[in-house]
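Residues per chain are reported as follows:
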Amino acid sequence: NAYERRTAAVAIARRLLPRVGQENAQAVVSMLIDAVEAEREDISAQEIGDALGLKPGTVRVLLMRGLRRLSRAAKQEGLLDPDLNGVLTDQDDDDM
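Residues numbered from 1 in each chain as written. Predicted model: local features only at pLDDT ≥ 70, side-chain atom pairs only at ≥ 80, totals over all residues. Heavy atoms only, no water.

1. Some points on the packing of helix H2 (residues 23–37) against helix H3 (residues 45–52)
Selection rule: Note on geometry: axes are C-alpha line fits, over the in-contact stretch for helices, and angles between N-to-C directions span 0 to 180 degrees. In this text, helices come from DSSP runs of H or I with a minimum length of four residues, and strands from runs of E with a minimum of two, each type numbered from the N-terminal end. Throughout, the term roughly parallel applies to angles under 35 degrees, roughly antiparallel to angles over 145, roughly perpendicular to angles from 65 to 115, and oblique to all others. Left-handed describes a crossing whose near helix is turned anticlockwise from the far helix by less than a right angle; the clockwise case is right-handed. Residues count as neighbours in contact if any of their non-hydrogen atoms are within 4.5 Å of one another. We call Asp, Glu, Lys and Arg charged. Ala, Val, Leu, Ile, Met, Phe, Trp, Tyr, Cys and Pro are nonpolar, and the rest, Gly among them, are polar.
Relative orientation of the contacting elements H2 and H3 amounts to 125°, with a least axis distance of 11 Å. Comparing their axes, H3 and H2 come out oblique. The crossing of H2 and H3 is right-handed. Mapping the contact onto sequence places Ala-27, Val-28 and Met-31 in H2 and Ile-48, Ala-51 and Leu-52 in H3. Taken together, the residues of the contact of H2 with H3 sort by class into 6 nonpolar, no polar and no charged.

Here's what the structure looks like:
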């Protein structure tokens, strides 16, 4: 179901978050993960920027970079099928 998929995706994202690298990028992606976990439909770059002391444009760049790095880390661990554009594979959930 959707709740279980979201919970699994949040757990994977949190585990891979250190691989995003740059501290600000991690903080921005972490706020997005928090919003997803809280079932928020939207969180603005302005809101994230206000919380972290960053400009909205900087937040957008960091978010783009952070999500790209998170996706790359998931692919390297075999959690995403590179041919399916980010769809989780059927790998066991034991690693989460």
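2. Some thoughts on H2
As a reminder of what qualifies: Here the expected span of a helix is defined as 1.5 Å times the quantity of residues minus one. Burial here depends on accessible area, computed with a 1.4 Å probe over protein chains only, as a share of the maximum for the residue type. Under 20% is buried, over 50% is exposed, and the range in between is partly exposed.
For H2, spanning 15 residues, the distance from its first C-alpha to its last is 21 Å, which sits close to the expected 21 Å at 1.5 Å a residue. Buried within H2 are the following residues: Ala-25, Val-28, Val-29, Ser-30, Met-31, Ile-33 and Ala-35. Tucked inside the fold, the buried residues of H2 contact helix H1 (2–16), H3 and helix H4 (56–76). Positioned one or two residues after H2, Glu-39 has a phi angle of 60°, which is positive.

3. Describing a positive patch on the surface
Rule in force here: For patches, a residue must show more than 30% relative accessible area and have no salt bridge; joins then use 9 Å for like charges and 5 Å for nonpolar side chains, namely Val, Leu, Ile, Met, Phe, Trp and Tyr. All accessible-area figures derive from a Shrake-Rupley calculation using a 1.4 Å probe, and residue coverage is judged against the displayed protein chains alone. Any Lys or Arg side-chain nitrogen located within 4 Å of an Asp or Glu carboxyl oxygen qualifies as a salt bridge. Positive charges come from Lys and Arg alone, negative charges from Asp and Glu alone, with His and the N- and C-terminal ends not counted. Lysine's charge is taken at NZ, arginine's at CZ, aspartate's at CG and glutamate's at CD.
A surface patch of positive charge is lined by Arg-65, Arg-68, Arg-72 and Lys-75. On the secondary structure map, Lys-75 appears in helix H4.

4. Some remarks on unusual backbone geometry
Look at Glu-39: it is not a glycine, yet its phi comes out positive at around 60°. Summarising the element assignment, Glu-39 is placed in the loop between H2 and H3.

5. Considering H4
Side chains three or four residues apart in an α-helix point the same way, a direct result of the helix having 3.6 residues per turn. Stated precisely, the cut-off is as follows: Here, the arc refers to the directions that run from the helix axis to the C-beta atoms.
The end-to-end C-alpha distance of H4, which contains 21 residues, comes to 30 Å, matching closely the 30 Å that a straight helix rising 1.5 Å per residue would cover. Residues of H4 that are buried: Val-59, Leu-62, Leu-63, Gly-66, Leu-70, Ala-73 and Ala-74. Summarising the axial view, the buried residues of H4 lie within an arc of 105°, below the 170-degree limit, and thus occupy one face. Facing away from the buried surface of H4 by more than 90 degrees, the exposed residues are Arg-60 and Gln-76. A positive phi of about 75° marks Gly-78, the residue just after H4.

6. Observations regarding the pattern of salt bridges
Taken as a whole and assessed by the stated rule, the structure comprises 6 salt bridges. The closest approach of N and O atoms between Glu-37 and Arg-14, which form a salt bridge, is 2.7 Å. One end of the pair, Glu-37, is in helix H2; the other, Arg-14, is in helix H1, and 23 residues separate them in sequence. Residue Glu-37 is classed as partly exposed on the basis of its relative accessible area, which comes to 47%. We classify Arg-14 as partly exposed; its relative accessible area is 31%. Here Arg-19 ties to Glu-77 by a salt bridge, and the two come within 2.6 Å at their closest N and O atoms. With a gap of 58 residues between them, Arg-19 in the loop between H1 and H2 and Glu-77 in the loop between H4 and strand S1 (80–81) connect regions that are remote in the sequence.

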